[in-house]
Amino acid sequence: MTLPASVSPSTALPQRTAATDAAWRALHEAACAPYRQSGRFAWHFARGKLGRDPVFRNLLERGQLPAQGHVVDIGCGQGLLASLMASIDAMHAQGRWPAHWPAPPLGNRYTGIELMPRDVARAETALAGLVPKPGFVCGDMREVPLPPCDAVVILDVLHYVDHAAQAALLKRVAQALRPGGRLLLRVGDADSRRGFVISQWVDRIVTMVRGHRVPPTYGRPLRAWVALLQQQGFRVQPLPMSQGTPFANVLLVAERGDSA
Ligand SMILES: C[S@@+](CC[C@H](N)C(=O)[O-])C[C@H]1O[C@@H](n2cnc3c(N)ncnc32)[C@H](O)[C@@H]1O
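Residues numbered from 1 in each chain as written. Predicted model: local features only at pLDDT ≥ 70, side-chain atom pairs only at ≥ 80, totals over all residues. Heavy atoms only, no water.

*Asks:* How should I be thinking about the sheet that holds strand β2 (residues 109-114) in this particular structure?
*Replies:* Note on sheets: strands pair through backbone hydrogen bonds, and any given pair is parallel or antiparallel. Within the open sheet, the 7 strands sit side by side as β3-β2-β1-β4-β5-β7-β6. Their pairing is mixed. Of all strands in the sheet, those with a lone pairing partner are β3 (135-138) and β6 (234-240), marking the two edges. In this sheet, neighbouring strand axes are inclined to one another by 15 degrees on average, regardless of whether the strands run parallel or antiparallel. For strand β4 (residues 149-155) and strand β5 (residues 177-188), the ladder comprises 6 bridges, and the chain directions are parallel. Bridge pairing in β5 places Val 153 opposite Leu 184. The strands that helix α8 (residues 222-231) touches are β5, β6 and β7 (249-256); relative to β7, the one it contacts most, it runs at about 15 degrees. (Pairing = 2+ DSSP bridges. Helix = DSSP H or I, 4+ residues; strand = E, 2+ residues; numbered from the N terminus. Axes fitted to C-alpha atoms, helices over the stretch in contact; angles between N-to-C directions. Contact = heavy atoms within 4.5 Å.)

Okay, here's the thing in structure tokens:
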């Protein structure tokens, strides 16, 4: 994939060690465990997604989530990020946070927005015991009001709405983020034909397996995603985010500029 020349290069990941691998395995176990209460599907889905998708470990290894803030997860599915953040809080409280990792994203309030009632039900059942309790709003991201927040996370979701709705949502995200806030947006790069087509097919199959109707999707080349964010006043850094998968996914780390 070719990254736009106008933006800064990717930051390097901190080196992985036996200690950080063990810490990640422990976080994975802890974050998946609550989903047993939501049934076999929810538990297996959590294990596969948190285990194989590089984005979750990358977010914490790059220190991209805030601490003591409000994180809004749009298209949150069954709320895996809420469970991961709670597991991070617990690991840190037990004094087991690896010294090689950046400061943990502790004490965040979490709001998940999700269209599908079945996913919200799985999330609420699994995570009912967490303190503070994560909030879930079942609704369409095109309409649900966004609270003032410190980070917005949108992973593999924006392509479900048309181009005008994508722009309108990103405008509202820029308005909701507090100064210094950050949008973490993962998208596919439509210019990387093979990876993009594979991700579209996998997306369709997973949507069907989760019991949902397969909707049309609206992709863009990476340059167009970056330009769209810049129009909303964001400074953007793209990071390849499909390591270990056949996809063409990119995490766009977008920070509010002065004009947002
Ligand atoms: C590919 S899944 C990603 C789930 C989650 N972000 C993750 O990475 O684990 C996309 C999610 O977006 C949700 N979604 C799609 N259109 C939506 C909309 N208009 N409003 C809210 N959520 C939506 C889907 O129901 C699904 O849960």
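*Asks:* It is not clear to me how the environment of Asp 73 should be interpreted in this structure. Could you clarify?
*Replies:* Take Asp 73: it is sitting in strand β1 (residues 70-74). On the accessibility criterion, Asp 73 (5% relative accessible area) is buried. A C-alpha to C-alpha distance of 25 Å links Asp 73 and Pro 14, two positions 59 residues apart in sequence. Discounting chain neighbours no more than four positions away, the residues touching Asp 73 are Leu 81, Tyr 110, Thr 111, Gly 112, Ile 113 and Val 153. (Buried < 20%, exposed > 50% of the residue type's maximum accessible area, 1.4 Å probe, protein only.)

*Asks:* Looking at this structure, I do not really get the nonpolar core. What am I missing?
*Replies:* Generally speaking, a soluble globular protein has its nonpolar side chains buried in company with each other. Formed by 41 residues in total, the largest nonpolar core has its most connected members in Leu 27, Tyr 35, Phe 56, Leu 81 and Leu 251. If you tally residues by element for this core, the top one is helix α4 (residues 80-93), at 7 residues. Membership of the second largest hydrophobic core comes to 32 residues, among which are Ile 113, Val 144, Ala 165 and Val 187. (Core = buried A, V, L, I, M, F, W, Y, C linked by side-chain atoms within 4.5 Å.)

*Asks:* Which parts of the structure should I look at to understand a nonpolar patch on the surface?
*Replies:* On the surface, a nonpolar cluster with roughly 370 Å² of combined accessible area is contributed by Phe 41, Ile 205, Met 208 and Val 209. Considering every element that reaches the nonpolar patch, the biggest residue donor is helix α7 (residues 193-209), with 3 residues. Positionally, Val 209 belongs in helix α7. (Patch = residues over 30% accessible without salt bridge, like charges linked within 9 Å, V, L, I, M, F, W, Y side chains within 5 Å. Areas by Shrake-Rupley, 256 points an atom, 1.4 Å probe, with all protein chains shown as cover. Salt bridge = Lys/Arg side-chain N within 4 Å of Asp/Glu carboxyl O.)

*Asks:* Hey, could you run me through the pairing of β4 in this one?
*Replies:* The buried fraction of β4 amounts to 6 of the 7 residues, a majority that puts the element mostly inside the structure. Note that β1 and β4 share 3 bridges and pair parallel. Pairing of Val 71 across the sheet is with Ala 151, part of β4. Crossover handedness for the path β4 to helix α6 (residues 163-176) to β5: right-handed. (Right-handed = clockwise from strand over helix to strand, strands pointing away.)

*Asks:* When you look at α8 in this model, what are you seeing that I'm missing?
*Replies:* Given 3.6 residues per turn, any residue in an α-helix points the same way as the ones three and four places further on. Of all the residues in α8, the buried ones are Leu 222, Trp 225, Val 226, Leu 228 and Leu 229. Viewed along the axis of α8, the buried residues span an arc of 160 degrees, placing them on a single side of the element. Exposed and oriented more than 90 degrees from the buried face of α8 are Arg 223 and Gln 231. Where α8 is buried, its residues touch α6, β5, β6 and β7. Positive backbone phi, at 85 degrees, marks Gly 233, one or two positions downstream of α8. (Arc of directions from axis to C-beta.)

*Asks:* Looking at this structure, how should I read helix α3 (residues 54-61)?
*Replies:* Burial runs high along α3: 8 of the 8 residues are buried. Inspection of α3 places Pro 54, Val 55, Phe 56, Arg 57, Asn 58, Leu 59, Leu 60 and Glu 61 among the buried residues, and these make up the whole buried set. Elements that come into contact with the buried residues of α3 comprise α1 (18-32), α2 (40-52), α4, β4, β5 and β7. Its side-chain oxygen at 3.0 Å from the backbone nitrogen of Val 55, Asp 53 defines the N-terminal cap of α3. (Polar contact = N/O pair within 3.5 Å; in protein donor to acceptor, adjacent residues only side chain to side chain.)

*Asks:* It is not clear to me how the environment of Gly 107 should be interpreted in this structure. Could you clarify?
*Replies:* Along the chain, Gly 107 falls in the loop between α4 and β2. For the pair formed by Gly 107 and Val 131, sequence separation is 24 residues and the distance between their alpha carbons is 9.9 Å. When near neighbours in sequence (up to four residues on either side) are disregarded, Gly 107 contacts Gln 68, Gly 69 and Asp 89.

*Asks:* Help me understand the state of the cysteines in this model?
*Replies:* Formally, a disulfide is one covalent bond, and it connects the sulfur atom of one cysteine to the sulfur atom of another. On inspection of all chains with the given rule, the structure shows 0 disulfides. The structure places no disulfide on Cys 32, whose sulfur is separated from the nearest cysteine sulfur, that of Cys 76, by 16 Å. Owing to a relative accessible area of 1%, Cys 32 belongs among the buried residues under this scheme. Distance from the sulfur of Cys 138, which forms no disulfide, to the nearest cysteine sulfur (Cys 76) is 9.1 Å. What makes Cys 138 partly exposed here is its relative accessible area of 43%. (Disulfide = S-S within 2.5 Å.)

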